[in-house]
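Now for the letters of each chain:
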2 protein chains.
Amino acid sequence: MRSSLTAALFCAIGTCVVVFGNEKAISVNLANSTVELIDYIKADDKAIGWYWLAELVDDFGHRHLGSDALEEAIDYTVAKLEADGFDNVHTEDVPNLPHWERGADKVIMTEPRNFELTVLAVAGIDPARVRGEVIVVHSFEELKQANAKGKVVLFVSPWKGYGDGTNFRRGADKVEAVGGIAMLVKSVGPFSIGSPHTGAGSKASIPAVCVTIEEAEMIERLTARGKTVKVDIEIKSKNIGTVTSRNIIFDITGSEKPNEIVLLSGHMDSWDVGQGALDDGGGMAAVWQAMLSLKQLAEKDPSFKPKRTIRGVFWTAEEQGLLGAQRYYETTKGGNETFFFVSETDQGAFRPRNLKSKLNFKGNATVERTMTEIAALLTENDLPLSIVPSNDQGDVTFWAQSGVPSVNYVSDQGEDYYFYFHHTRGDYMTIFKKDDIQYVAALLAGMANVLAQIQHW
Amino acid sequence: MRSSLTAALFCAIGTCVVVFGNEKAISVNLANSTVELIDYIKADDKAIGWYWLAELVDDFGHRHLGSDALEEAIDYTVAKLEADGFDNVHTEDVPNLPHWERGADKVIMTEPRNFELTVLAVAGIDPARVRGEVIVVHSFEELKQANAKGKVVLFVSPWKGYGDGTNFRRGADKVEAVGGIAMLVKSVGPFSIGSPHTGAGSKASIPAVCVTIEEAEMIERLTARGKTVKVDIEIKSKNIGTVTSRNIIFDITGSEKPNEIVLLSGHMDSWDVGQGALDDGGGMAAVWQAMLSLKQLAEKDPSFKPKRTIRGVFWTAEEQGLLGAQRYYETTKGGNETFFFVSETDQGAFRPRNLKSKLNFKGNATVERTMTEIAALLTENDLPLSIVPSNDQGDVTFWAQSGVPSVNYVSDQGEDYYFYFHHTRGDYMTIFKKDDIQYVAALLAGMANVLAQIQHW
């Protein structure tokens, strides 16, 4: 109890609310209904969110931008959401998206012995055939000092998190600038079982290829021992103009403030290796289960009907730089609707196990106080969660930057374990335990229920 | 102190030995020299064992039976051992070994959608083209009940350890017996990142292929949902007659009982995916570092010179069923030498972290008492170790069955973590921390020093 604050007790029919000098945003009534909702989802013994996702990923495979599978998966999902009875189910076009297709790219080490490396090209590169000597560098500083002209540059850096790692994956332009003929990069990730990583690159005209952690470190040792390492790089991947894809939108329409939107999101597209179960099928499945459960309770008990509209959005073209979300931000800006709150879940829909699980949060102090109340309520209900101020808002960064309060869920397993599988051939349903999705759904539903009902921040 | 036992104190020059009713095998002198040896190896700040192994695996790649790389790696290792100054360095031929080469095998799922599975053929199969419907079974009992005639049978069973898993991998003969046209099997292992497993199979004439854990579980879900799954299996792997390979033998000759052998071993050959750093390069490197260190100390201080001969052996053709070790057992049986003690290290040369690390032990109660003394001495010196009676003696099983005391080192990480990488493309140097090899070397050297010096068991 905050003893320095004035406290008062208000009682209505059957309900008492203790209000301190800093009035709490969550009334006892709202807290109770939120706990009921959380318990409802946690009691899911059929793991409906996990199976919803399993059907999507098993039946369509990867959902890489430009693939038939992505657009078919979008059609399928829209039909399912309509059958579920959500409001306002529709798609919105996102045109002029980059269309790149992976080919059977090969990197053969030709010296000191003949050996085919296990690789995945970085996205956006075109067919090429390059042969040359490899030099290994560990930083951009070292690249500047090295004589990289006419060489293949291999970046080998220790795992310091995804942001640091992607700097190197996106480093082909810097290699090209110093006369390098191709970039190889140690796969971005903390742990591997011979599984190369892929992802977006830079604007460069030289080949850019991820090598497994194991083989990158092997080449590092070979060159450190004074061996000359040469490679023959054959790229068959290619850019194929542009393509149009679609964001999926679905609502539970608000009863009092239908034009104020509480947005929950994940992204539909994936890379073309693995099946995008983790990145970001799990985010979508958790949003779906959260909203379905809230809708089901509201059909029996009108007090669960949200006052604001809760909107689910499944973005497209996230992997190419948040392009689906950016388009939606631009087309909705200045419209009739206002965004009260935005959220994304794209770093693993893993059940939170401890207080290292967090909502990366961007917003003002008043909103942060309410979010801290929500986190405390969730933590009390077996969903341990911290609120951590951060600019890392992923797809909803556009709203966050324009002043809309936003969060990005990162479980304790989202910090490191997530990157075992991220953008690899290992991104399959097997990653998730059956209860992961439902616990994240409970978290999102609990949060959204409060935010759609509170009178003020 | 065992208070029920009679104790006596014997003192010689500067040394006192407490002897209980059950006399201890390890004198204080021997314990002290063993601790000095252990400390010498633990102080290795250059990780010489790790780098010894790195050069072997980086320079030659995998060492699959029948490959040039295996025989070249054997030549290279022999030359290194000679340069180290070991005694009696030589190879012994192991003829009539099965020669099988992996081809570009493919398994395409053709229904319910078109998708190339990530697979590794089980060894020993021949070219074939088979198309058929997949049925999923979880046990041999279920196989008997199923209508497998004309079907492709996929075994999907939960990880219950390697022994259980290999029963399914070796199950093609059972599938063939009930009219199945091919066997698929969920990769044997507790954890995966899209990394299929391989290994030896059964004598069967139908294709036998390991599917990743992720994709096997996907097919299991598809069939459980009533979907018809069909596959097109194209095998290009083939058997190519027989081949001769070689075991490597090297000694530190005993000063008093040169014909009594304390044998430390690992195996040289590996599967053809990955590089056999774990399986079993690490075992070899630890044996090498243990023996080199003992030899170096003995050159300065004759008290380290073993009374019995300490022999290192690097087996060939372990992966095809301990064939190198079996041959050596048969050719040495009844010879001038007697085997006092045999050991193998083939389940990960990981540093022991806790008392789950163990020597699987086979021998009588007297020997077990001495081994328990050795384990206590090692445990006191940061090498925690239990002695666990077990028939699982790997390569040295032939001696173990004939009554020679034997052990098989399994670290705490050898029980589960080892099988993350075992027989996959992930078997590279990256698995080991730099100090893993030296701590296992310290363990083996400490044990061998005692066993080569003690007067009796």
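Just so you know, these numbers come straight off a predicted model, no measurement behind them. (Residues numbered from 1 in each chain as written. Chains lettered and ligands numbered in written order. Predicted model: local features only at pLDDT ≥ 70, side-chain atom pairs only at ≥ 80, totals over all residues. Heavy atoms only, no water.)

Turning next to the overall build of chain A. Counting secondary structure elements, chain A contains 13 helices and 18 strands. Since a compact globule built from 457 residues should have a radius of gyration of about 23 Å, the 24 Å found for chain A is in line with a globular shape. Counting only C-alpha atoms, chain A reaches 80 × 50 × 45 Å along its principal axes. Expressed as a percentage of its 457 residues, the buried residues of chain A come to 60%. A separation of at least 24 residues holds for 82% of the contacts in chain A among residues at least 6 apart in sequence. For chain A, the exposed surface amounts to about 17100 Å²; the carbon and sulfur share of it is 48%. Across chain A, the 45 positively charged side chains and the 61 negatively charged ones have centroids separated by 5 Å. (Helix = DSSP H or I, 4+ residues; strand = E, 2+ residues; numbered from the N terminus. Rg over C-alpha atoms; globule rule 2.2 N^0.38 Å. Buried < 20%, exposed > 50% of the residue type's maximum accessible area, 1.4 Å probe, protein only. Contact = heavy atoms within 4.5 Å. Areas by Shrake-Rupley, 256 points an atom, 1.4 Å probe, with all protein chains shown as cover. Lys, Arg positive; Asp, Glu negative; His and termini not counted. Charge placed at Lys NZ, Arg CZ, Asp CG, Glu CD.)

Looking now at the pattern of salt bridges. A complete count under the given rule lists 43 salt bridges over all chains for this structure. With a shortest N-O distance of 3.0 Å, Arg246 of chain A and Glu71 of chain A are connected by a salt bridge. Of this pair, Arg246 of chain A sits in strand β12 (residues 238-252) while Glu71 of chain A sits in helix α3 (residues 68-84), and the two are 175 residues apart along the sequence. Note on Arg246 of chain A: relative accessible area 17%, which makes it buried. In this structure, the salt-bridge partner of Lys230 of chain A is Glu111 of chain A, at a minimum N-O distance of 3.8 Å. One end of the pair, Lys230 of chain A, is in strand β11 (residues 230-235); the other, Glu111 of chain A, is in strand β4 (residues 106-111), with 119 residues separating them in the sequence. By sharing partners, the salt bridges in this structure join Arg221, Arg225 and Lys227 of chain A together with Glu55, Asp58 and Asp59 of chain B into a single network. (Salt bridge = Lys/Arg side-chain N within 4 Å of Asp/Glu carboxyl O.)

With that settled, consider the UniProt feature "domain: Peptidase M28" (unreviewed entry) in chain A. In the numbering used here, UniProt assigns the feature "domain: Peptidase M28" (unreviewed entry) to residues 247-445 of chain A. Regarding residues 247-445 of chain A, the helix share stands at 35% and the strand share at 23%, and the terminal C-alpha atoms are separated by 21 Å. (UniProt positions renumbered as here; feature names shortened; annotations may be inferred.)

Counted under the stated rule, the structure contains 60 aromatic pairs over all chains. Judged by centre distance (4.9 Å) and plane angle (25°), the ring pair of Phe140 of chain B and Phe168 of chain B falls under stacked. Here Phe168 of chain B lies in helix α5 (residues 162-169) and Phe140 of chain B lies in helix α4 (residues 140-145), a separation of 28 residues in the sequence. Look at Phe140 of chain B and you get partly exposed, because its relative accessible area is 22%. Ring centres of Trp159 of chain B and Phe419 of chain B lie 5.4 Å apart, and the angle between their planes is 50°; on these two criteria the pair is classed as tilted. Within this pair, whereas Trp159 of chain B is found in the loop between β8 (152-155) and α5, its partner Phe419 of chain B is found in helix α12 (residues 418-421), the two being separated by 260 residues in sequence. For Trp159 of chain B, a relative accessible area of 25% gives the class partly exposed. Note on Phe419 of chain B: relative accessible area 6%, which makes it buried. By way of ring pairs, the aromatic residues Phe191, Phe350, Tyr417, Tyr420, Phe421 and Phe432 of chain A together with Phe191, Phe350, Tyr417, Tyr420, Phe421 and Phe432 of chain B are connected into one cluster. Here Arg113 of chain A stacks its cationic end above the ring of Phe115 of chain A, 4.9 Å away from the centre of that ring. (Phe/Tyr/Trp six-rings, centres within 6.5 Å; stacked < 30°, edge-to-face > 60°. Lys NZ or Arg CZ within 6 Å of the ring centre and 35° of its normal.)

Our next topic: α3 of chain A. Note on helix geometry: an α-helix contains 3.6 residues per turn, so any two residues three or four positions apart are oriented the same way. Residue and element names in this part refer to chain A. In a regular helix each residue adds 1.5 Å, so 17 residues correspond to 24 Å; α3 covers 24 Å between its end C-alpha atoms and thus fits that length. What α3 keeps buried is the set Ala69, Leu70, Glu71, Ala73, Ile74, Thr77, Val78 and Leu81. In this structure, the buried residues of α3 make contact with α2 (48-60), β3 (87-101), β12, α8 (277-300) and β14 (308-315). Gly85 sits one or two residues past α3 and shows a positive phi near 90°. (Expected span 1.5 Å × (residues − 1).)

Once chain A is rotated about the relating axis by 180° and shifted along it by 0.0 Å, it coincides with chain B to within an RMSD of 0.0 Å. Here the transformation between the copies is reduced to the relation of a two-fold axis. Minimal C-alpha distance to the rotation axis in chain A is attained by Ile193 of chain A, lying at 3.0 Å. A high fraction, 100%, of the interface residues of chain A reappear at the interface in chain B, so the copies pair face to face through one surface. (Least-squares fit on C-alpha atoms with pLDDT ≥ 70 in both.)

So, on to the interface of chain A and chain B. At the interface, 34 residues of chain A touch 34 residues of chain B. Together, the buried faces of chain A and chain B total about 2700 Å²; carbon and sulfur atoms form 57% of this surface. When the area that chain A buries against chain B is broken down by residue, the three leading residues are Asp58, Ile193 and Arg221 of chain A, summing to 25%. Counting across the interface, chain A meets chain B through 9 salt bridges. (Buried area = accessible area lost by both parts, 1.4 Å probe.)

Next up on the list: the environment of Lys305 of chain A. Residues and elements named next belong to chain A. By secondary structure assignment, the location of Lys305 is in the loop between α8 and β14. Spatially, the C-alpha atoms of Lys305 and Tyr418 are 34 Å apart, while their sequence positions differ by 113 residues. Here Lys305 is in contact with Thr253, Ser255, Ala298 and Gln453, once residues within four sequence places are set aside. Within polar-contact distance, the side chain of Lys305 engages the backbone oxygen of Thr253 at 3.4 Å. (Polar contact = N/O pair within 3.5 Å; in protein donor to acceptor, adjacent residues only side chain to side chain.)

Bringing the sheet that holds strand β18 (residues 406-410) of chain B into the picture now. Within a beta sheet, neighbouring strands are joined by backbone hydrogen bonds and run either parallel or antiparallel to one another. Residue and element names in this part refer to chain B. Taking strand neighbours across the sheet as the criterion, the 8 strands line up as β3-β12-β14-β13-β15-β18-β16-β17 in an open arrangement whose pairing is mixed. Lying at the two open borders of the sheet, with one neighbouring strand each, are β3 (87-101) and β17 (386-389). Geometrically, the sheet is characterised by an average inter-axis angle of 20° between neighbouring strands, direction not taken into account. Sheet topology places strand β16 (residues 358-362) next to β18; 5 bridges connect them, and they run antiparallel. Opposite Asn360, over in β18, you have Asn408 as the bridge partner. (Pairing = 2+ DSSP bridges. Axes fitted to C-alpha atoms, helices over the stretch in contact; angles between N-to-C directions.)

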